[in-house]
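Spelled out from the first residue to the last, the chains are:
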Amino acid sequence: MSPPKYNFTSHHTVTIPHDVATVVPLLASPGSIAQVIALSSLAADIEVSSPELIDKITLASSYDTASLPLSSDATATTPQSIERTAFSFSELVPVLGGLTTKQVVIKGHQTWDPAQRCCLYETRTQTSPVVSVRKLRTFDEVEGGTKVEESIEGNCAAWIKWVVEKECRTAHREHMAEYAKLVDDAVKRTVMLTVLGTMLSFAVTLRTSSANDRYNEGRKAWSSITLASRTFAFNVWMHLPPTTLTVAQLAALPADQLEYENAKALIEKRTIINLVQAFSVAAKHYLREENGVYWEDLFHLVSALPRYSFPSSVTEDTGRDNVLGLWRTPGANGRTVIPRARRATDLSASASTGTTRSTGMDSELEKGEDQVEVITLGPAHNPPAPTIYHHFPPLVMFRPMINFFTRKPRNTTRAKQKRLVEEHPEPEANLPLQITLFLSGYLAAVVNRGTLAPSMISLVMAPLAMFQDSITTLERILTTPLPFAYQAHLRFSIYVYLLFLPFQLYNLLTWLAIPATLIVSCIFLGFLELGRQLENPFGYDDSDLELDHFCYLIAQELEEIVRHPQPQPSDWIFSPHNAPFGPDDPRTAQEILDDMFQARDSSWSARRLFHKHVHSHSHHRPEEKLHKHKRKESSGRTVEVVCV
């Protein structure tokens, strides 16, 4: 089909002060069609369909795209796929010198060739009189920006040609003048979006990095607790003397009571090592704000200790008393506490009623001659009740917003805490500090007995300092959160950024701005939630430290230390399984000694006979004396001769 004869044309060029890579997507891509059409004040009801891929060579054979250039490497047989997008809009065209207007529906296609940096814009009116327009837009990089050149060829009825041509050239010039403003606005939005995104990224990175440092510091503190537990247990079990008496008392102890005294020392050491295990367990519950000693993995280790009331560094001071005494003695309210382990009926009832978390204080009163309170020990692992975040993990990112609308009044929480404290006889206290107090007292007693060498005192005291340093570090991590002002400002900035993000992306991505905003929101809010979890790594979140596992490993190591008596080196050095010079010499230590002495027996016997013979010969001639005389040789040298 031969191309139509065009009876009006228009050509115009503008220079935009931006590079080609920025200008071309904003003026020629399928996503920019609606923006470019909207630059005309007459355009309305703009609709753009999805682009489709068309073979460029086939398209070029059509008269509608006859002037669309091919790529430089294209041949008649090389297919090239380009994007072709259909669109439609309407215009209110002034008629009779502006006395009235007429709505004209226009449909067309835009063919986009990124390789040649050009696009072909084809339209045709759907009402009479029919006007067909072909507009080729090309882009060239010049000094100072990008040159945009447009050539229009049109065809219309002859009786309206002069009006259409005049309006076309005027509208064409005004329309292209808006290109620079369109690009400038898009660049400003992009730059603003980039700057804000970069600033927030740095802020979120700082937040996450700070939380990760706290996480690593907490793990190092628990490693110090593990090292101190091992070292203290080794020192107590291996190096401390097996006695509970002073040097004078031990010297005066009858021999028949020595075995009894050794048994007492063994029990004393085992009790102290139990306290070492109790320190890690108490630190775990203390950091999780699970107050008290009434826990299955803790009570049996500390039930014999006198009770102190050191201030807690991780919980609020609510009605603490300073009563001294055993854990089972009557408290301030006159009740006697008798703990018991959880029964199977308790577990089944908890499962059937939906009870999810124990306070370690579940109690029931038994009426009798005295008021007795039976307390059920809480579980060693006591996570909070499952929430909607456990069933739908992605909602965790929106936890702050959900909590803002669902949080309870503050006074209700305070009243509940106060009621729990009043009902329970035990004050909130720093139990790890109490345990280190008893360990220090034990070492002081050993030193006062005089049975410990002075050089060993610093060795056995060093783990106590590690205990104190570790629990202080853990308290600092737990009680020093990120400043509230920083957190509030960061969250507010991110929420505002995400709120306006879809409006900034819509002109570039249209409906794709919705999933893009969702992805960006997940990234930013996910990092915020990750920082919140890592900020306190001692709870029950999936990303928190495995405190229960750490305590289990410490307990297993201490149990292995005390399971066997202190071995003597000779028991294993000279065992039949020790080949000290293996694998080259497979002989055992005892075989090496036997071979050495067997090889030397003959030479040692000869030496004994020789010494015996010399000794007996000199013994039978005691009267002989040494005589010395001098003899002068012919050479003039004097020689001294000694004779018996």
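Below or above, wherever it landed, is the structure these notes cover. (Residues numbered from 1 in each chain as written. Predicted model: local features only at pLDDT ≥ 70, side-chain atom pairs only at ≥ 80, totals over all residues. Heavy atoms only, no water.)

Once that is clear, we can look at a nonpolar patch on the surface. On the surface, Trp572, Ile573, Phe574, Leu593, Met596 and Phe597 cluster together into a nonpolar patch covering about 570 Å² of accessible area. Mapped by element, the contributors of at least two residues to the nonpolar patch are helix H18 (569-573) and helix H19 (589-620). The element that contributes the greatest number of residues to the nonpolar patch is H19, accounting for 3 residues. Along the polypeptide, Phe597 turns up in helix H19. (Patch = residues over 30% accessible without salt bridge, like charges linked within 9 Å, V, L, I, M, F, W, Y side chains within 5 Å. Areas by Shrake-Rupley, 256 points an atom, 1.4 Å probe, with all protein chains shown as cover. Salt bridge = Lys/Arg side-chain N within 4 Å of Asp/Glu carboxyl O. Helix = DSSP H or I, 4+ residues; strand = E, 2+ residues; numbered from the N terminus.)

Next up on the list: the packing of aromatic side chains. Across all of its chains, the model carries 6 aromatic pairs by this definition. Aromatic side chains Phe279 and Phe467 sit 4.4 Å apart centroid to centroid with 45° between the ring planes, which places their arrangement in the tilted category. On the criterion of sequence distance, the pair formed by Phe279 in helix H7 (residues 258-287) and Phe467 in helix H14 (residues 454-479) is long-range, its members being 188 residues apart. With respect to burial, Phe279 and Phe467 carry one shared label: buried. A centroid spacing of 5.6 Å and a plane angle of 25° characterise the contact between Tyr294 and Phe299, whose relative ring orientation is stacked. On the accessibility criterion, Tyr294 (1% relative accessible area) is buried. (Phe/Tyr/Trp six-rings, centres within 6.5 Å; stacked < 30°, edge-to-face > 60°. Buried < 20%, exposed > 50% of the residue type's maximum accessible area, 1.4 Å probe, protein only.)

Our focus in this paragraph is the nonpolar core. Counting 55 residues, the largest nonpolar core has Trp222, Val302, Ile435, Leu439 and Phe538 as the members making the most contacts within it. Elements supplying a minimum of two residues to this core: helix H5 (179-239), H7, helix H8 (299-302), helix H13 (431-449), H14 and helix H17 (547-563). Broken down by element, this core gets its largest block of residues, 11 residues, from H7. Not counting residues within four places of it along the chain, the set of residues in contact with Trp222 comprises Ser280, Ala283, Lys284, Leu287, Leu474, Phe538, Leu545, Leu547, Phe550 and Cys551. Counting residues in each nonpolar core, the second largest holds 18 residues, with Val24, Leu26, Trp112 and Val148 among its members. (Core = buried A, V, L, I, M, F, W, Y, C linked by side-chain atoms within 4.5 Å. Contact = heavy atoms within 4.5 Å.)

Two elements, strand E6 (residues 118-125) and strand E7 (residues 132-142), share 7 bridges in a ladder whose sense is antiparallel. When the sheet's bridge partners are listed, Thr123 is paired in E7 with Val133. What sits between the antiparallel neighbours E6 and E7 is a turn of 6 residues. Judged from the 11 bridges that link them, E7 and strand E8 (residues 145-155) form a sheet pairing that is antiparallel. If you follow Glu141 over to E8, its bridge partner there is Thr146. Between the antiparallel neighbours E7 and E8 lie 2 residues, among them Gly144 with a positive phi of about 95°. (Pairing = 2+ DSSP bridges.)

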